[in-house]
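# Observations on the three-dimensional arrangement
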Amino acid sequence: MADDKWLDYVGLVGGFILSSMMLPQVWKVLRTKSARDLAWGFLCCYFVGLSMLCTYSWGKGLWSLYIPISLEMCMLIFQIVLKFKYDQRALDEAYEAKAQQPRPPSQTLNPFADLGTASPGKIVEQNPMFRQNEPS
């Protein structure tokens, strides 16, 4: 057992190296203020996998695994928060940009714009829903 201590340290260093691979992605998201390249499916599967692996390593007492996995989960949760934040910001900006665009005359809010020259009175007369019940 005492000889296996070096294996724990090898696992710990390997775990930190694997955990550190998240740093460039987190840095890119922070620098560009965009998480559009991150897929929700990837983030969810990665989170579930890390959660299960962390639970397993904690239950088995494998500190050389659960310490770096916990660090990686913290970075992943931070990425998920950034994804929510920047995706919502992108949606808000797109909505504002669309709202600020001038509308051509054909897209005004006139409910009768697509009906040509028909008047509202004529439309009511032609619509069976508005007809009076005629006695037989």
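Here we take up the packing of aromatic side chains. Inspection of the entire model under this criterion finds four aromatic pairs. When the ring of F42 is compared with that of Y46, the centres are 5.3 Å apart and the planes differ by 25°; the resulting orientation is stacked. Pair noted here: F42 and Y46 are both in helix α3 (residues 40-60), with a separation of four residues, about one helical turn. Accessibility expressed as a relative area gives 43% for F42, which makes it partly exposed. For Y46, a relative accessible area of 17% gives the class buried.

Turning our eyes to something else, we now look at the side chain of K83. For K83, the position within the fold is in helix α4 (residues 63-100). By relative accessible area, which is 4% here, K83 ends up buried. A polar contact of 2.9 Å, which involves the side chain of K83, links it to the backbone oxygen of A35. Residues within four places of K83 in sequence aside, it is in contact with A35, R36, L38, W40 and L43.

Here we come to the pattern of salt bridges. Opposite charge on two side chains lets them pair, provided their charged atoms get close. Per the counting criterion, the structure on display carries two salt bridges. With its nearest N and O atoms 3.0 Å apart, the salt bridge here joins K28 to D37. Of the charged contacts in the structure, one is a salt bridge between D87 and K83, with a shortest N-O distance of 3.1 Å. Placement of the pair is D87 and K83 together in helix α4, with a separation of four residues, close to one helical turn.

This brings us to the nonpolar core. Of all hydrophobic cores here, the largest spans 16 residues; its most connected members are V29, L50 and L76. Elements with a minimum of two residues in this core: α2 (22-32), α3 and α4. The element that contributes the greatest number of residues to this core is α4, accounting for eight residues.

The next subject is the side chain of Q79. By the element assignment, Q79 lies in helix α4. Of the residues examined, Q79 reaches a relative accessible area of 1% and is grouped as buried. Not counting the four nearest positions on each side in its chain, Q79 is found in contact with M22, Q25, V26, L38 and L43.

Attention shifts here to the packing of α2 against α4. Following both chains from N to C, one finds α2 and α4 inclined at 20°, their axes separated by 10 Å at the closest point. Relative to α4, the element α2 is oriented roughly parallel. Considering how the two elements wind past one another, α2 and α4 form a crossing that is left-handed. Across the interface between the two elements, M22, L23, Q25, V26, V29 and L30 from α2 touch E72, M75, L76, F78, Q79, L82 and Y86 from α4. A per-class count over the contact of α2 with α4 returns 10 nonpolar, two polar and one charged.

In a regular helix each residue adds 1.5 Å, so 16 residues correspond to 22 Å; helix α1 (residues 5-20) covers 23 Å between its end C-alpha atoms and thus fits that length. For α1, the set of buried residues is L12, G15 and S19. Buried positions in α1, seen along its axis, are confined to an arc of 65° and lie on one side of it. Facing away from the buried side of α1, by more than 90 degrees, are the exposed residues W6, I17 and L18. Tucked into the core, α1 has its buried residues touching α2 and α4.

Cut-offs and rules
Residues numbered from 1 in each chain as written. Predicted model: local features only at pLDDT ≥ 70, side-chain atom pairs only at ≥ 80, totals over all residues. Heavy atoms only, no water. Phe/Tyr/Trp six-rings, centres within 6.5 Å; stacked < 30°, edge-to-face > 60°. Helix = DSSP H or I, 4+ residues; strand = E, 2+ residues; numbered from the N terminus. Buried < 20%, exposed > 50% of the residue type's maximum accessible area, 1.4 Å probe, protein only. Polar contact = N/O pair within 3.5 Å; in protein donor to acceptor, adjacent residues only side chain to side chain. Contact = heavy atoms within 4.5 Å. Salt bridge = Lys/Arg side-chain N within 4 Å of Asp/Glu carboxyl O. Core = buried A, V, L, I, M, F, W, Y, C linked by side-chain atoms within 4.5 Å. Axes fitted to C-alpha atoms, helices over the stretch in contact; angles between N-to-C directions. Parallel < 35°, antiparallel > 145°, perpendicular 65-115°, else oblique. Left-handed = near helix turned anticlockwise from the far one by under 90°. Nonpolar A, V, L, I, M, F, W, Y, C, P; charged D, E, K, R; others polar. Expected span 1.5 Å × (residues − 1). Arc of directions from axis to C-beta.

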